[in-house]
Structure formats: structure tokens, C-alpha cells
Amino acid sequence: MRGDYTRADADYIVPQDRASYTPAMHDRWRRLHARQRALAERDAASAVLAGLDRLDCAAAIPDFRAANRIIGDATGWQLVAVPGFIPDETFFAHLAARRFPVTRWLREEHELDYLVEPDVFHDFFGHVPMLLDPRFADFLQAYGRAGERAMAMDALPMLARLYWYTVEFGLIAEGGKLKAYGAGILSSAGETVFSTADPQVLRLPFDPARIMRTDYGIDAFQRCYFVIESMEQLVDGLVSLDFGPIYEAWRHEPPIPAGALLPGEALWANAISDHGRNDG
Ligand code: HBI
Ligand code: FE
């Protein structure tokens, strides 16, 4: 792992140490932000755009303490700085307490387009705007609370897939158009366009049980996306469904390959992206 874990406490929280960022790093953030904000204008969910406006984080790597005043007022969530990936149980415990772990380091200049691990740009630009949406805020806390049972039932890969296909790579239909709300999409220039506009890639209607059975890859654009019709649908999918029987039925089965369609399965039908014929 790239982060410095020596100063982490038992919850893996570290000081953001904002004074240690160099002018070159702030400038790199500014360029990353400008590029992704321009793409978001057309392809991001309305909640993402509203959140970015409220966070006002275009000029420099944000100060988590200043952001926490805005986020706290909106939904009661708080950011905590972490060195990078943290253990599953710690990650779930933070989410269940409405604390979002944000990696403190920024990617290098040669990594502007692609990174496997989360950095502060992915975590902040990608994830934090949605924390200002009250429905998403409740969904993410419910997700954190689901962690303990998934681990106890040896079904963590199934719950992790739900995070992957919503929080990281989720699409939402707004006014009949595909928009991105997943952080893995929003922090990637290529995938912002690909996920919303590619005419071939598999897009399926949101179905928590189907998602929990679907494999994913971490080193290329996704081969499958799941489309929600509203933020309420996300929350309902978590609170109205008992995951226990789903874990029980599928946890020892091989997952469905990411690009596969099951017999009789319908695609998300109303696939109109905001990429019209005239706007390239
Ligand atoms: N740690 N910092 C960080 N960020 C994550 O997204 C993350 C993590 N630890 C565990 C984890 N994700 C996953 O195991 C869960 O999404 C299931
Ligand atoms: Fe992420």
C-alpha cells in the first residue's frame, strides 16, 4: 500500500496534514477537477452537480475540516482522513457511524488518467458530493450496517459487489437520460463517457440480488452497469430486502460473469444517453 500507515490510530484515522501538500499538488488537483467537472456537466447525476457546487473545491486540494461543516449541516456525515485502503470491518464501522474515509495522498503526474487504488481525488471528487444527498447518505450508512452480517455469513464478496455496482459504478436515469453517480466513473475521464454513451455495453435495471451475484473487474472499464430510476430505489433496495436468504442461496456459487446476460433477462430499455448525434 502506498499510504503511510505508521501514524494511523486504531480506526486508521490520520491527520489530513494539509500543510504538507505542495503547490504542484494543488495545481494537479485543479487540473483534475477542471477536466472531470466539465465532463460531469453533461454526464453526472443532478445530485453530483449540486454537491460539487456546494463543496466549492475547484481551486485546491480541499480542507477536510472546512468540508465537514458543509457535509455535517447537510446530512450529518463527516470525513476522516485515512492512509488508503483500510480493513473491511473498519471501513464498514466508519460508514455505519456516518464517517466517510478519505485517502489523504494525491496521485502522481503520470497517473492522471488511471489508478487502481483510491487517492484523495477519487475519494473526494468521486464520493463526497453524493454524501450531501440525504437519500444516498442513508443508503451508505445502511450499507455500512450490513457489513457485520455479511462477514459473519461468509458472504462479503456479495455485499462488496453491491458497493461496486452502486457507490462506485452506479448509473441513474434522469429524464430518460443516463447519468453517472458512481465515484469510479466520476473520477475517470474515459469511463464517464464510456459508461453513459457506449451503445454496446450491458446496462441492466437495478436488482440487488442480481448485483450481488455479478462478478466485476478492477483494471478496465466495466462490462456491465446497473441503472437506478431514483435514489429512493437504492434505499428501498437495502431496507426492504432481507439479504440473509440471498447470501444463503448464492454465496457458494460462482458469480455471473460481468458481461453475461442470463436467459430471459431484459436490458435496461430506455437507454438514451445525453450524447446526441450533434454534440459528439
Ligand atoms: N478502504 N479506504 C478504503 N476505501 C474503500 O473503498 C474500501 C476500503 N476498505 C474496504 C473496502 N473498501 C471494501 O472491502 C468494501 O467496499 C466492501
Ligand atoms: Fe471509491
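Worth saying up front: this structure is predicted, and the values here are computed from it rather than measured.

1. Re the coordination of the iron ion (ligand 2)
- Only His122 (NE2), His127 (NE2), Glu168 (OE) and Glu168 (OE) from the protein coordinate the iron ion (ligand 2), and they sit 2.0 to 2.8 Å from it.
- Coordination at the iron ion (ligand 2) comes from four donor atoms whose angles at the metal span 51 to 133°, giving a geometry best classed as irregular.
- In primary-sequence terms, the residues that donate to the iron ion (ligand 2) follow H-x4-H-x40-E. Remark: glutamate 168 occurs in helix H7 (residues 156-168) and histidine 127 occurs in helix H5 (residues 120-131); sequence separation between them is 41 residues.

2. A word on the site of ligand 1
- What surrounds ligand 1 is the set Gly84, Phe85, Ile86, Asp88, Phe91, Phe92, Tyr143, Ala160 and Tyr163.
- For ligand 1, a nitrogen atom lies 2.7 Å from a polar atom in the backbone of isoleucine 86.
- When ligand 1 sits alone it has 390 Å² of accessible area, and the protein chains cover 88% of it.
- Among the elements of the structure, helix H4 (88-96) and H7 are those that each provide at least two residues to the shell around ligand 1.
- Counting residues per element, the shell around ligand 1 draws most heavily on H4, at three residues.
- Class assignment for the residues of the shell around ligand 1 results in seven nonpolar, one polar and one charged.

Conventions used here
- Residues numbered from 1 in each chain as written.
- Chains lettered and ligands numbered in written order.
- Predicted model: local features only at pLDDT ≥ 70, side-chain atom pairs only at ≥ 80, totals over all residues.
- Heavy atoms only, no water.
- Donors = N, O, S within 2.8 Å, 3.2 Å for Na, K, Ca; no water.
- Tetrahedral: all angles 85-135°; square planar, octahedral: opposite > 155°, others 65-115°.
- Helix = DSSP H or I, 4+ residues; strand = E, 2+ residues; numbered from the N terminus.
- Near = heavy atom within 4 Å.
- Polar contact = N/O pair within 3.5 Å; in protein donor to acceptor, adjacent residues only side chain to side chain.
- Areas by Shrake-Rupley, 256 points an atom, 1.4 Å probe, with all protein chains shown as cover.
- Nonpolar A, V, L, I, M, F, W, Y, C, P; charged D, E, K, R; others polar.

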